Amino acid sequence: QVEKSPVAPDYNKLQQIIDEAYKLFENDSAGAPADYIPELARVEPDLFGISVVTVDGRVFSAGHVEHCFSIQSISKVFTLAMVMEQLGQQAILEKLGAEPTGLPFNSVTAIEQQATRVGNPLVNAGAIATTSLLEGKSAAAKWKNILAFYSACAGEELELLKDIYESEAATNARNQAIARLLDAYGVMYDDPEKAVDVYTRQCSVGITTKQLAAMGATLAAGGINPFTGVEVMNAENIPQILSIMLSCGMYDYSGTWSYLTGLPAKSGVGGGIVAVVPGKGAIAAFSPRLDGAGNSIRAQKAIAYISQQLNINIFDPQSVGVE
Ligand SMILES: NC(=O)CC[C@H](N)C(=O)O
């Protein structure tokens, strides 16, 4: 039986584990970058970065952590946080739901099957519906609020990656079809075209692994950004947000991910993944090559390795993190 004591975390060991994860998976070239968005297919596939940000604002990194990549589906978590704040937890459950679809993130079949049509806010249908629920006078006002909120969560000013946005906007017929189908079912709460445009913009926000880890650490810290100390979201909503991340955040691989890591996480087809360790911090990783579900392969492996080495798993009553 290993003795666990509430001693100060060993930050040297944490850095060492991150370096090990980088070295272990550095030469792993399995998978392929997303190519249904032309600009994503042009990203350098060998990029690989890992960052950990703690709730008290310490940063630990390895690899290409300066590279700015598109946040993609990870944005869905933060727009959900905004809408939950505006409409409350019950409205999220009723209008969007919290059920994993068990189907790919852009599934139309899921819309036909799910009671709420969208299933949950972390698949494309649910995320476009979430964006359509956002309060705001115009699409431009909603987008401005989204960018400001994401920036507050990162603790730094974030920007739109124009090339990604234009490329995705020119090829997002499927998301437009999803929005129109939701409209036909009465679960689209703004003009479908405008909602898809705002959604496409939110997916095209550029972030580094450090900024992504800071966004996750804000969730871990009860809504307080660890760098700025600003309270950016309501702490009361965070258990519900993390619950949806755990059951739906890794697309139709969420069950296996939960089984392997016991950590709420969210991935994006840009190659980023962030895993949240409540009360402690967040682990973010980025690498463009994806598996069949759309999750970055090296980012998954790095986060799983780090969390296992640190003995962090929300279902483990002994889990105390770094010792
Ligand atoms: N899984 C993802 O990251 C998908 C996001 C992407 N913008 C899309 O709508 O297809």
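As a reminder, the structure under discussion sits directly above these lines.
In this numbering scheme, every chain counts its residues from 1 along its sequence in written order. Per-residue local features of the predicted model are confined to residues with pLDDT of at least 70, and side-chain atom pairs are confined, for both listing and counting, to 80 or more; whole-chain, interface and lining totals are unaffected and use all residues. Values shown for side chains rest on all heavy atoms present in the structure; no hydrogens or waters enter the calculation.

**Student:** Explain the site of the ligand residue by residue, including any values.
**Tutor:** Each residue is tested against the molecule or strand, and it is near if at least one of its non-hydrogen atoms lies within 4 Å. Taken together, the neighbourhood of the ligand is formed by Tyr36, Gln72, Ser73, Phe105, Asn124, Glu168, Asn175, Tyr199, Cys203, Tyr251, Gly268 and Val269. In protein, a polar contact means a hydrogen-donor-capable atom and an acceptor-capable atom, both N or O and within 3.5 Å, with residues adjacent in sequence counting only if both atoms are side-chain atoms; elsewhere, any N or O pair within 3.5 Å suffices. Between a nitrogen atom of the ligand and a side-chain N or O atom of Tyr251, the distance comes to 2.6 Å. In isolation the ligand offers 290 Å² of accessible surface; the protein chains occlude 99% of this area. When residues are grouped by polarity, Ala, Val, Leu, Ile, Met, Phe, Trp, Tyr, Cys and Pro land in nonpolar, Asp, Glu, Lys and Arg in charged, and all others, Gly among them, in polar. Residue classes in the shell around the ligand are distributed as six nonpolar, five polar and one charged. Under the convention used here, a 1.4 Å probe and the Shrake-Rupley method define accessible areas, while residue burial counts only the protein chains that appear.

**Student:** With reference to specific residues and values, describe the packing of aromatic side chains.
**Tutor:** By convention, a stacked pair of Phe, Tyr or Trp rings (six-membered ring in the case of Trp) has centres within 6.5 Å and planes under 30 degrees apart, an edge-to-face pair has planes over 60 apart, and any other such pair is tilted. Considering all chains together, one arrives at seven aromatic pairs under this definition. Between the aromatic rings of Tyr11 and Phe60, the centroid separation amounts to 5.4 Å while the plane-to-plane angle is 10 degrees, which identifies the pairing as stacked. Here the residue Tyr11 occupies a position in helix 1 (residues 11-25), and Phe60 occupies one in strand 2 (residues 59-63), the gap between them amounting to 49 residues. Taking the centre distance of 5.1 Å and the plane angle of 20 degrees together, the rings of Tyr22 and Phe48 count as stacked. Here Phe48 lies in the loop between helix 2 (38-41) and strand 1 (49-54) and Tyr22 lies in helix 1, a separation of 26 residues in the sequence. For every residue, the accessible area obtained with a 1.4 Å probe (protein chains only) is divided by the maximum for its type, and the residue is called buried under 20%, exposed over 50%, and partly exposed between those limits. Judged by relative accessible area, which is 1%, Phe48 ranks as buried. By the ring-pair criterion, three or more aromatic residues cluster together here, those being Tyr36, Phe105 and Tyr251. Geometry around Phe227 places Lys210 over its ring, the cationic atom sitting 5.3 Å from the centre. Going along the chain from the N terminus, every DSSP run of H or I of four or more residues is numbered as a helix, and every run of E of two or more is numbered as a strand. By definition here, charges over rings are those cases where NZ of Lys or CZ of Arg is within 6 Å of the ring centre and within 35 degrees of the ring normal.

**Student:** So what about the pairing of strand 1? Which residues, and what values?
**Tutor:** Buried residues dominate strand 1, accounting for six of its six residues. Side chains Gly49, Ser51 and Val53 of strand 1 all project onto a buried face; the interleaved residues Ile50, Val52 and Thr54 project onto the opposite face, where all are buried too. In this description, strands pair whenever DSSP reports at least two bridges between them. As paired elements, strand 1 and strand 2 share five bridges and run antiparallel to each other. Along strand 2, the bridge assignment pairs Ser51 with Ser61. The antiparallel pairing of strand 1 with strand 2 creates a hairpin that spans four residues between the two strands, and Gly57 there sits at a positive phi of about 85 degrees. Where strand 1 meets strand 8 (residues 281-286), six bridges bridge the pair, whose relative direction is antiparallel. From the neighbouring strand, Val53 faces strand 8, where its bridge partner is Ala282.

**Student:** With reference to specific residues and values, describe the pattern of salt bridges.
**Tutor:** We define a salt bridge as a side-chain nitrogen of Lys or Arg found within 4 Å of a carboxyl oxygen belonging to Asp or Glu. Under the criterion given, the structure shown has nine salt bridges. A salt bridge links Arg58 to Asp56, with the shortest nitrogen-to-oxygen separation between them at 3.3 Å. The partly exposed category is assigned to Arg58, whose relative accessible area is 39%. Notably, a salt bridge pairs Lys210 with Glu156, separated by 3.1 Å at the nearest N-O pair. With Lys210 in helix 11 (residues 209-220) and Glu156 in the loop between helix 7 (139-154) and strand 4 (159-160), this residue pair connects regions lying 54 residues apart in the sequence. The class for Lys210 is partly exposed, based on a relative accessible area of 30%. Residue class for Glu156 comes out partly exposed when judged on its relative accessible area of 29%.

**Student:** An account of the packing of helix 6 (residues 124-133) against helix 10 (residues 192-203) is requested, with residue identities and associated values reported.
**Tutor:** Following both chains from N to C, one finds helix 6 and helix 10 inclined at 105 degrees, their axes separated by 9 Å at the closest point. Here helix 6 lies roughly perpendicular to helix 10, going by the angle between them. Here Asn124, Ala127, Ile128, Thr131 and Ser132 of helix 6 come into contact with helix 10, specifically with Ala195, Val196, Val198, Tyr199 and Gln202. The residue makeup of the contact of helix 6 with helix 10, split by class, is six nonpolar, four polar and no charged. To get an axis, fit a line to the C-alpha atoms, keeping to the stretch in contact for a helix; angles then go from 0 to 180 degrees between the N-to-C directions. Roughly parallel means an angle under 35 degrees; roughly antiparallel, over 145; roughly perpendicular, 65 to 115; everything else is oblique. Every residue pair with non-hydrogen atoms within 4.5 Å of one another is taken to be in contact.

**Student:** Can you break down the sheet that holds strand 6 (residues 265-267) residue by residue, with the values?
**Tutor:** Overall, antiparallel pairing links the five strands, which are arranged 2-1-8-7-6 in an open sheet. Of all strands in the sheet, those with a lone pairing partner are strand 2 and strand 6, marking the two edges. Within this sheet the neighbouring strands show an average axis-to-axis angle of 10 degrees, counted without direction. Helix 14 (residues 297-309) contacts strand 1, strand 7 (272-277) and strand 8 of the sheet and is inclined by roughly 150 degrees relative to strand 8.

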